[in-house]
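Structural description and commentary
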Amino acid sequence: MINLAKKDVEHSLGKFLVTAMGVGMLLGIVLIMMGVYRGMVVDAEILIGDINADLWVVQENTLGPFAESSRIHEDLKNSISVVDGVKHSEAITFQNIQLPKGTMPIRVMAVGYDPFGSINPINQERLIEGSPLTKDHYQIVVSKETGFELHDEIVLARDTYEVVGITEKTVSSGGDLLVYISLKDAQKNQFLYSNNRVRSDRARGINNNDTTMVNAIIATLKDGYNVDEVANYIKEWKHKSVYTKKEQEDILTKNLIERAAKQIGLFTAILILVSTIIIALIIYTMTLEKMKEISIMKLIGIPNSIIIKMIIQETLLLGVLAFISGNIFSHLIYEKFPKRVVLEIPDAWMLFIVVLIASILSSFIGVKKVISADPAAAIGG
Amino acid sequence: MDKQSIRVENLVKSFGKGDARVDVIDGASFSVNKGELIALIAPSGAGKTTLLMMIGCVQEPTSGKIWLGDEKVYDDKWLNKDTRAIRREKIGFIFQAHYLIPFLNVIDNVTLLPQANGQKKEEAEKFAMELLEYLDISDKAHFMSSQLSGGQNQRVAIARALANKPKIILADEPTAALDNERSVSVVEMLKKIALEQDVAIIMVTHDEDMLPLCDRILKIEDKKIVSSKVMKGASMI
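A brief look at the structure comes next. Predicted model only: the values in this text are computed from it and were never measured.

1. Regarding the overall build of chain B
Along the backbone of chain B there are six helices and 10 strands. Its C-alpha radius of gyration of 18 Å places chain B within 12% of the 18 Å reference for a compact globule of 237 residues. Taking all 237 residues of chain B together, the buried fraction comes to 55%. The contacts of chain B with a sequence gap of at least 6 include a subset with a gap of at least 24, amounting to 68%. Summing over all exposed atoms, chain B offers an accessible surface of approximately 10200 Å²; the carbon and sulfur share of this is 46%. Counting 32 positive and 34 negative side-chain charges, chain B places the centres of these two groups 4 Å from one another.

This is how it looks when you write it as C-alpha cells:
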C-alpha cells in the first residue's frame with residue numbers, strides 16, 4: 001500500500017522540515033530549561049563538594065553562610081579541632097566581591113582559606129594552571145571564566161593581588177564565579193572598616209574593629225567516628241549550629257534551589273503545553289490544507305483508516321523530527337548560556353515521551369477532522 | 001437487470017423540514033444500461049449533482065430505490081451501511097476539475113484505490129500502466145499532476161476512475177475546465193470506455209456540443225427526469 005504520509009512529506013519536504021525545526025527550537029528551549037535546573041543543582045554542590053568537609057559549624061540558629069549571614073570567631077577552629085573525633089578544622093569565609101575588569105567589574109564569590117591549613121577548598125582537578133595559594137597575602141586563584149590570566153594583577157580594596165592559579169568550572173551556589181584568597185586577606189576585605197568608618201564608629205562610642213571573624217568552621221573527622229554524634233556534641237557544648245555535608249547540601253538544594261526549581265518546572269510545563277498546542281495547531285492546519293484531497297479520497301472510497309494512518313504518521317514524524325532538531329539546537333547553544341546548563345539523557349528521553357504523547361493527542365484533532373470531512377464537499381470546485 | 005447497470009425508482013431528495021422543506025428531486029425514475037454514455041442536463045441548481053451523488057452513494061436520498069448492477073443498495077434506507085465500500089468496488093468518479101492528489105504522482109494516483117481495495121502494488125501498477133497507455137498518457141506515469149496540462153490531468157483522472165474496474169462511472173462536468181477540442185477528446189474517450197469495457201456512464205454537462213456524442217440525454221425539469229432522448233448516430237462513435 002502506498003505510504004501517503006511519506007509521499008505527502010516528500011512532496012512538501014522543505015515546509016515540513018522547517019515546521020519541525022520551528023517546533024524543535026521550542027523543544028530545545030524546554031531541554032535548556034531542564035538543563036538550567038540541573039546546572040543549578042550541580043553548581044550548588046560544587047563548592048561543598050570541593051571543600052569536602054564532614055562538618056560545618058556556623059553561627060547558632062542560622063543555616064550557614066550559603067543560606068544566611070553567619071559570623072563566628074576564627075579561634076573556634078581550635079576548640080573544634082580538639083573535639084573527640086575531629087581530624088582537622090579550619091576557618092573559612094565567603095564574600096561576594098567585584099573584580100575590576102575594564103569598564104565592567106565581574107561579580108565573584110571570594111573564598112577565604114588558610115593556605116597553610118589542613119583543608120584546601122581548591123579541587124586540584126579543577127586547577128588547570130598555576131598553583132593554590134602559597135602565601136598569606138596578595139595572591140588570588142581565579143576562575144578561568146573571569147578572563148584573568150596567570151600573573152595578572154588585580155586591585156582589591158587597597159591591595160594588589162597576583163593571579164597565581166586558574167581554575168575552571170568553579171562557581172558558587174548562586175552561580176557566581178569563585179576566586180580564592182587567603183583567610184587573612186578575606187578577613188581584611190570583609191571585616192576591616194575604612195579609616196573614616198572607624199572614626200565615625202569611635203564618635204558613636206563603638207570600638208569594635210574585630211577582623212578575626214569568619215563565616216564558618218569546617219572540619220573533617222577521623223575514621224570510625226559517627227558524623228551525627230560529633231555534630232550533636234559540638235551543638236551541645238559550643239552553642240553553634242552544626243551541619244553535616246549532607247545537611248548542607250540539603251539546605252542548598254531544598255531550601256535555596258527549591259523555589260527556583262519550582263519556577264523553572266512551572267515554566268517548563270508551560271513550554272511543553274505551548275509546544276503541544278503548537279503541534280496540535282500545525283497538525284490541524286496541515287489537515288485543513290488537505291481537506292479537499294481528504295474529501296476526494298473519501299468520495300472515491302478510500303477507507304478512513306488509510307487517511308487517519310497518514311495523519312498519525314505525519315504527526316509522529318513531526319514530533320520525532322522536532323525532538324531531534326530540538327536536541328541538536330539545545331546542544332548547539334547550551335554552552336553560550338552564562339550559567340551552567342547540564343543536558344542529561346534521561347531528561348531528553350522524558351521529553352521524547354512527552355512529545356510522543358503530545359503528538360498522538362494532537363493527531364486526534366486531525367483525525368476528528370478527517371472523520372467529519374464530507375465526501376460531497378469534493379464536488380463543485 | 002442483466003443489461004441495466006443503474007436503476008433508479010421514484011427517487012426523492014429534499015432538504016429541510018416543515019415549511020423550510022425544499023424538494024430537489026421528486027420522483028426521479030430511470031435506468032442506464034451497460035455500455036451506455038448518458039448525458040445528464042438541467043439548469044444550474046436543478047439537482048444534477050445531487051442526483052449523481054445519490055446514485056454514487058455519497059448523499060442519502062429521502063426515499064426511493066437504487067440498484068447498482070444486480071445489487072439493490074437503497075430502499076428508503078441504505079441496505080449496505082458501508083456506502084464507501086460500494087463506491088470503492090462499483091463506482092468510478094470523474095469531477096469537473098481533475099482533483100488528483102497533489103502529493104502523489106500519476107501512477108500512485110491511479111493505483112491508490114486498487115491498493116486500498118487490497119490489490120498488490122505490482123498488480124495495480126501493471127493495470128494502471130495499461131490504463132495510462134489506453135489513455136495515451138503512459139509516458140507521464142511518474143509525473144506530478146502539477147507538471148501536466150489540464151487535458152492530461154483529466155485523462156489521469158479518468159484512469160483513476162477506471163482503476164478499480166468499475167461498472168459505473170459518474171462524471172460531474174468532466175469537460176467544464178477544458179477547451180472544446182479537449183472536451184470532445186475526453187467525451188469520445190468516455191464513449192470508447194463505455195463501449196469497450198461495458199461501463200455505464202452518467203455525465204453531467206452544460207456543454208451542448210457534447211450531447212451528440214452521448215447515447216441518451218436525461219433532463220431534469222421540475223424536479224423530475226422529464227425526457228430521455230436517444231441521440232442519432234451516437235452508436236457510431
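2. Comments concerning the side chain of Ser-5 of chain B
Residues and elements named next belong to chain B. By the element assignment, Ser-5 lies in strand β1 (residues 4-15). With a relative accessible area of 2%, Ser-5 lands in the buried category. Of note is the side chain of Ser-5, whose polar atom sits 3.3 Å from the backbone oxygen of Lys-167. Those residues in contact with Ser-5 that sit more than four places away from it in its chain are Val-32, Asn-33, Lys-34, Trp-67, Leu-68, Gly-69, Lys-167, Ile-168 and Ala-200.

3. Quick look at helix α6 (residues 180-197) of chain B
All names here are of chain B. Compared with an ideal rise of 1.5 Å per residue, which puts 18 residues at 26 Å, α6 spans 25 Å between its outermost C-alpha atoms and is within 8% of the ideal. Three or more residues of α6 are buried, namely Ser-183, Val-186, Val-187, Met-189, Leu-190, Lys-191, Ile-193 and Ala-194. The elements touched by buried residues of α6 are β3 (37-41), β6 (91-94), α4 (121-134), α5 (150-162), β7 (168-172) and β8 (200-204). Positive phi shows up at Asp-198, right after α6, with a value of about 60 degrees.

4. Some points on the packing of aromatic side chains
Geometry of an aromatic ring pair is reported as the spacing of the ring centres plus the angle between the planes. Inspection of every chain in the model, using the stated rule, returns 10 aromatic pairs over all chains. Taking the centre distance of 4.8 Å and the plane angle of 55 degrees together, the rings of Phe-323 of chain A and Phe-352 of chain A count as tilted. With a gap of 29 residues between them, Phe-323 of chain A in helix α9 (residues 304-333) and Phe-352 of chain A in helix α10 (residues 345-372) connect regions that are remote in the sequence. In this pair, the class of Phe-323 of chain A matches that of Phe-352 of chain A, namely buried. One aromatic cluster is present, formed by Trp-56, Phe-66 and Phe-94 of chain A through successive ring pairs. Of note, Lys-101 of chain A hangs over the ring of Phe-148 of chain A, and the distance from its end group to the ring centre comes to 4.5 Å. Across the ring face of Phe-143 of chain B, the terminal group of Lys-140 of chain B is positioned such that the distance to the ring centre comes to 5.3 Å.

5. Some details on the pairing of strand β4 (residues 106-113) of chain A
All names here are of chain A. Counted residue by residue, β4 has seven buried out of eight residues, so it is predominantly covered. Where strand β3 (residues 86-99) folds back onto β4 in an antiparallel hairpin, the turn is made up of six residues, including Gly-102, whose phi is positive at roughly 60 degrees. Sheet topology note: the β4/strand β9 (residues 177-182) ladder contains six bridges and is parallel. Note that in β9 the partner of Tyr-113 across the bridge is Ser-182.

6. Things to note about the environment of Met-286 of chain A
Residues and elements named next belong to chain A. Residue placement: Met-286 occurs in helix α7 (residues 245-289). Separated by 270 residues in the primary sequence, Met-286 and Phe-16 place their C-alpha atoms 9.7 Å from one another. Once you skip the residues sitting within four places of it in the chain, Met-286 turns out to touch Phe-16 and Glu-314.

7. So, the layout of surface pockets
All names here are of chain A. The computed volume of the largest pocket comes to approximately 480 Å³. What lines the largest pocket is a set of 16 residues, and nearest its centre among them are Glu-145, Lys-169, Pro-338, Lys-339 and Arg-340. Put simply, the second largest pocket is a space of about 280 Å³. Around the second largest pocket, the lining comprises 16 residues; the ones closest to its centre are Ser-12, Lys-15, Met-286, Glu-289 and Lys-290. Elements with a contribution of two residues or more to the lining of the second largest pocket: α1 (4-11), α2 (13-51) and α7. Looking at the lining of the second largest pocket element by element, the count peaks at four residues for α7. Grouping the constituent residues of the lining of the second largest pocket by class yields six nonpolar, four polar and six charged.

8. As for the interface of chain A and chain B
Taken together, the contact between chain A and chain B spans 26 residues of the former and 23 residues of the latter. Here chain A packs against chain B, burying approximately 2400 Å² in sum over the two surfaces, 72% of which is carbon and sulfur. Summed over the shared surface of chain A and chain B, the number is one salt bridge. There are nine residue pairs in polar contact (both at pLDDT 80 or more) connecting chain A and chain B.

9. What to know about the environment of Asp-43 of chain A
All names here are of chain A. Mapped onto the fold, Asp-43 is located in helix α2. A residue is classified by how much of its surface remains accessible, and Asp-43, at 5% relative accessible area, is buried. Residues Asp-43 and His-151, spaced 108 residues apart in sequence, show a C-alpha to C-alpha distance of 27 Å. When neighbours within four sequence positions are excluded, Asp-43 is seen to be in contact with Val-171, Ser-172, Ser-173, Gly-175 and Arg-340. One polar contact links Asp-43 to Arg-340, side chain to side chain, over a distance of 2.4 Å.

10. Observations concerning the sheet that holds strand β5 (residues 71-75) of chain B
What links the strands of a sheet is backbone hydrogen bonding, and the strands pair in either a parallel or an antiparallel sense. Residues and elements named next belong to chain B. Spatially, β2-β1-β4-β5 is the arrangement adopted by the four strands of the open sheet, whose pairing is antiparallel. Pairing within the sheet leaves two strands with one partner each, and these edge strands are β2 (22-33) and β5. When the angles between neighbouring strand axes are averaged without regard to direction, this sheet yields 15 degrees. Two strands pair when backbone bridges link them, and β1 and strand β4 (residues 63-68) are joined in this way by five bridges, in the antiparallel orientation. Among the inter-strand pairings, Glu-9 is bridged to a residue of β4, identified as Lys-65.

11. Looking at unusual backbone geometry
Notably, His-151 of chain A is not glycine yet its phi reads approximately 75 degrees, a positive angle. Residue placement: His-151 of chain A occurs in the loop between β6 (139-143) and β7 (153-156). Even without being glycine, Asn-10 of chain B reaches a positive phi, approximately 50 degrees. Here Asn-10 of chain B is to be found in strand β1.

12. With respect to the nonpolar core
Nonpolar side chains in soluble globular proteins tend to be buried together. Judged by nonpolar contacts, the single largest core of 87 residues is most densely connected at Leu-51, Leu-68 and Ile-202 of chain B. At nine residues, α2 of chain A tops the list of elements feeding residues into this core. Those residues in contact with Leu-68 of chain B that sit more than four places away from it in its chain are Ser-5, Ile-6, Ile-55, Cys-57, Val-73, Ile-86, Lys-90, Ile-91 and Ile-168 of chain B. The next biggest cluster of nonpolar side chains, apart from the first, holds 40 residues, and it includes Ile-94, Ala-159, Ile-169 and Ala-194 of chain B.

Criteria and thresholds
- Residues numbered from 1 in each chain as written.
- Chains lettered and ligands numbered in written order.
- Predicted model: local features only at pLDDT ≥ 70, side-chain atom pairs only at ≥ 80, totals over all residues.
- Heavy atoms only, no water.
- Helix = DSSP H or I, 4+ residues; strand = E, 2+ residues; numbered from the N terminus.
- Rg over C-alpha atoms; globule rule 2.2 N^0.38 Å.
- Buried < 20%, exposed > 50% of the residue type's maximum accessible area, 1.4 Å probe, protein only.
- Contact = heavy atoms within 4.5 Å.
- Areas by Shrake-Rupley, 256 points an atom, 1.4 Å probe, with all protein chains shown as cover.
- Lys, Arg positive; Asp, Glu negative; His and termini not counted.
- Charge placed at Lys NZ, Arg CZ, Asp CG, Glu CD.
- Polar contact = N/O pair within 3.5 Å; in protein donor to acceptor, adjacent residues only side chain to side chain.
- Expected span 1.5 Å × (residues − 1).
- Phe/Tyr/Trp six-rings, centres within 6.5 Å; stacked < 30°, edge-to-face > 60°.
- Lys NZ or Arg CZ within 6 Å of the ring centre and 35° of its normal.
- Pairing = 2+ DSSP bridges.
- 1 Å grid on protein atoms, 1.4 Å probe; cavity = no way out; pocket = protein on both sides within 12 Å on 5 of 7 lines; lining within 4 Å.
- Points joined across faces, edges and corners; volume = space filled by probe spheres on them.
- Nonpolar A, V, L, I, M, F, W, Y, C, P; charged D, E, K, R; others polar.
- Buried area = accessible area lost by both parts, 1.4 Å probe.
- Salt bridge = Lys/Arg side-chain N within 4 Å of Asp/Glu carboxyl O.
- Axes fitted to C-alpha atoms, helices over the stretch in contact; angles between N-to-C directions.
- Core = buried A, V, L, I, M, F, W, Y, C linked by side-chain atoms within 4.5 Å.

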